[in-house]
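Examination of the molecular architecture
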Amino acid sequence: MLPPFDYLTYRRIRNQKQAERADRFTSLPYPYLIKISEDDKKIIDQPIEDLVRDVQNDAIPPLNILRTYGRVAVRAHKRTNCITELLLPEAESWLKSEVNLKGPLAGIPVSLKDSVHVKGFDTSLGYSALANNPALEDGPMTRLLKDAGAVPYAKTALPITLLSFESANGLWGHCLNPHVPGYSPGGSTGGEGALLAQGGRIGIGSDVAGSVRVPAAWSGIYSLRCSTGRWPKAGVNTSMAGQEGIPSVFSPMARTLNDLTYFTRTIIGMQPWKYDYSVHPISWRDDLESEAQNKPLRIGLMSNDGVIPPTPAIERALATTVAALTEAGHTISEITPPSNADPLTGLNLASQLLNSDGCHHFNAKLRSFEPSDPGAAQLSRVAHLPRPLRYLYYLYVRYIKRDKVLATLIRDFGPKSSAQLWPLVAARESFRATWHKWWDGETQQFDFILCPVNATPALPHNAMHDAVSSCGYTFLWNLLDYSAGVLPVGHVDAVSDALVTPYKTALKRLGANHSLARGAWKHYDSTKMAGLPTAVQVVGRRWQEEQVLGYMAAVEKALDQYIDPATGKSAKYSLLEID
């Protein structure tokens, strides 16, 4: 249909899909609609390895577990709009006929980012053009889960374009942060973050610039960004099919670190390379996981990436973690990244690689006037400028506004020919080689790098218009293809985390008075943000998932044992209470 008449098609499909979703919730059998009981809370709090044992010993029917998490999903969706496709009650029939209850995830409900193929359900990614086209069969990831004994029970919210730390689209609306509803739960796997924070079990998302890590940090859960080839990724939809400059990776998320570790170990133990040709046949290495959490660690600290300084709440979370690790006997020292492969150079290179099509593909499926993501729209406007105009814009930003950082990102941002793309790929490999050599240097030899996940806690809805480029603390590790995990530390405190001067003044003092930093910091308000989670990121090297999970365990142990001298209280993180 020709524009602008396809806008009417978008409206019709949007209304239809939202009505269908509402009907699925209201027509659920009675057991899914009752309140969460004390018995439910015991199931929610029980480690999944114990639940698996109880299922296989016939101590608890798997249907009881599914219905507990169905009740969680109903409650969570009502509060945060986190579910796109509800897979109940089909999941009950899968339990009887397709799920292997002798497997290592016997009876465990798993939620999935909307992009994963599940037979009989749409994989719309929030685009009306992709709706009403249900998958004819399960994708390899879904088949693997069922073979392991897991039960898919919900598909969760994401942003249109999949390139945002917001999770909103015209088809399904905004997903809300479960701690403070006026804020984003993160993106692009924000629906998973919101559901898991409210009592969900375990889930799977994807990450190309921080899309499982930022939702974990902003919603208060745990996640692991796997290196390419360690986790299955076939059988999914994407807004940027064929984009390989910065490969997207699918990765696990969970409400607790224990569950995250067990789930990751189990999926790799299922030999995913038999389901997906892209997975490397690297078996799980228990000794590396154990060794990582049972020795004094040497930790490199990246407290500031040199682009966007952390806001006070994030700075305090990082300082608390450093104090806890130091008290636990670990050694921490600030790192100096390689001068010719610094984070700003990496951000510029990664941005060009990721959007080398000039933002064509993630816009191609949008119907006329179908809402896009504000941040993606900003990127598109720059990418679509004719090259002479973009260069004039660069000159204006660089020499009139004197914003060297933004000018760096603008200058070469736009569509690339093959002849232009190849040197960028070569530059990526050189960048990776530089960091590899740097980490092996005599003065480095770190076990892992500790750093923020983002410069800010969760941002308010639609803030991506200003903060779209505030992704350096995660995007850098995608460029390097390093394994990286996120664990929560605390919550924003209105008083302790308040800015003592206006944000522009603070940024001038920090030497970061440029558009990227101002775009992130302008939304920082510790009073409005009070109660939002704070988190840290644990970064290992490529294919070090076992070690990273072990390092995360060491960090969490140190935090659990640490008493904050300012408050006299434990630094142990409190998960969102289930009621």
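Note that this is a predicted model, so its numbers are computed, not measured.

The next point concerns the overall build of the protein chain. Looking only at helices and strands, the protein chain has 23 helices and 15 strands in total. A globule of 579 residues ought to have a C-alpha radius of gyration of about 25 Å, and the protein chain, at 23 Å, matches this closely. Within the protein chain, counting contacts between residues at least 6 apart in sequence, those at least 24 apart form 81% of the total. When the accessible area of the protein chain is evaluated, it comes to approximately 22100 Å², of which 54% is carbon and sulfur surface.

This part covers the side chain of D40. With respect to the helices and strands, D40 occurs in helix α2 (residues 38–45). Assessed through its relative accessible area of 3%, D40 is described here as buried. Ignoring anything within four residues of it in the chain, the contact list for D40 reads K35, T68 and R71.

Turning to the sheet that holds strand β1 (residues 83–86), a few remarks are in order. Strand order in the open sheet formed by eleven strands is β1-β3-β2-β6-β8-β7-β12-β13-β11-β9-β10, and the pairing between neighbours is mixed. In the strand order of this sheet, the two ends are held by β1 and β10 (331–334), each with one partner. Strand-to-strand, the axes of this sheet are offset by a mean angle of 30°, without reference to chain direction. Note that β1 and strand β3 (residues 151–156) share three bridges and pair antiparallel. Bridge pairing in β3 links I83 to T156.

Our next topic: helix α23 (residues 545–561). Here α23 spans 25 Å end to end across 17 residues, near enough to the 24 Å set by a 1.5 Å rise per residue. Across the 17 residues of α23, 13 count as buried, placing the element largely inside the fold.

In a structure, side chains of opposite charge can pair up when their charged atoms sit close to one another. Applying the stated criterion across every chain yields a total of 31 salt bridges. We note a salt bridge from D440 to R541, for which the minimum N-O separation is 2.8 Å. Taken together, the positions of D440 in the loop between α17 (418–439) and β11 (448–451) and R541 in the loop between β13 (533–539) and α23 put the pair 101 residues apart, joining distant regions of the chain. D440 sits in the partly exposed class, given a relative accessible area of 41%. R541 sits in the buried class, given a relative accessible area of 15%. Taken together, the shared-partner salt bridges in this structure form one network comprising K17, E20, E85 and D122.

Per the UniProt entry, the sites bearing "active site" (unreviewed entry) are K113, S188 and S211 in this numbering. Of the residues just listed, which span 99 residues, no C-alpha pair is farther apart than 10.8 Å, and they cluster in one region. Relative to the elements of secondary structure, K113 occurs in strand β2 (residues 109–113). Judged by its relative accessible area of 0%, K113 is buried. Apart from residues lying up to four places away in sequence, K113 is in contact with K155, T156, L158, L162, S188, T189, E192, I204, G205, S206 and S211. Within the local environment of K113, its side chain forms a polar contact with the side chain of S188, the two groups lying 2.6 Å apart. Here S188 lies in the loop between β5 (173–174) and α7 (190–197). Since its relative accessible area comes to 2%, S188 is described here as buried.

Quick look at the UniProt feature "binding site: substrate" (unreviewed entry) in the protein chain now. Cross-referencing UniProt, the feature "binding site: substrate" (unreviewed entry) maps to L162, S188, V208, A209, G210 and S211 in the present numbering. Taken together, the annotated residues stretch across 50 residues yet fold into one region, lying no more than 11.0 Å apart by C-alpha. Of note, L162 is situated in the loop between β3 and β4 (168–169). Within the fold, V208 resides in the loop between β6 (202–207) and α8 (213–219). When residues no more than four places from it in sequence are discounted, the contact partners of V208 are L163, Q243, I246, P247, S248, L354, F475 and N478.

About the cut-offs
Numbering of residues begins from 1 in every chain and follows the order in which that chain's sequence is written. Residue-level local features of this predicted model are given only where pLDDT is at least 70; pairs of side-chain atoms are given and counted only at 80 or more, and the full residue set underlies all totals for whole chains, interfaces and linings. Only hydrogens and water are set aside; all other atoms, that is, all heavy atoms of the structure, feed into the side-chain values. Labels follow the DSSP assignment, with helices taken as runs of H or I lasting at least four residues and strands as runs of E lasting at least two, numbered in each case from the N terminus. Radius of gyration here uses only the C-alpha atoms, and the compact-globule reference equals 2.2 Å multiplied by the residue count raised to the power 0.38. Contacts were defined at the residue level, with two residues in contact if any of their heavy atoms lie within 4.5 Å. Calculation of accessible area relied on Shrake-Rupley with a 1.4 Å probe; when residues are assessed, cover is drawn exclusively from the protein chains displayed. Each residue's exposure class comes from its accessible area (1.4 Å probe, protein chains only) as a fraction of the maximum for that residue type: buried when under 20%, exposed when over 50%, partly exposed otherwise. Any two strands between which DSSP finds at least two bridges are classified as paired. Each axis is a line fitted through C-alpha atoms, and for a helix only the stretch in contact is used; angles between axes span 0 to 180 degrees, taken between their N-to-C directions. In this scheme, a helix's expected span is set at 1.5 Å multiplied by one less than its residue total. Definition used for salt bridges: Asp or Glu carboxyl oxygen within 4 Å of a side-chain nitrogen of Lys or Arg. UniProt positions are given in the numbering used here, feature names are shortened, and annotations may be inferred rather than shown by experiment. Identification of polar contacts relies on pairs of N or O atoms within 3.5 Å, with a donor-acceptor requirement for protein atoms, meaning one able to donate a hydrogen and the other able to accept it, and with residues adjacent in sequence counted only if both atoms are side-chain atoms.

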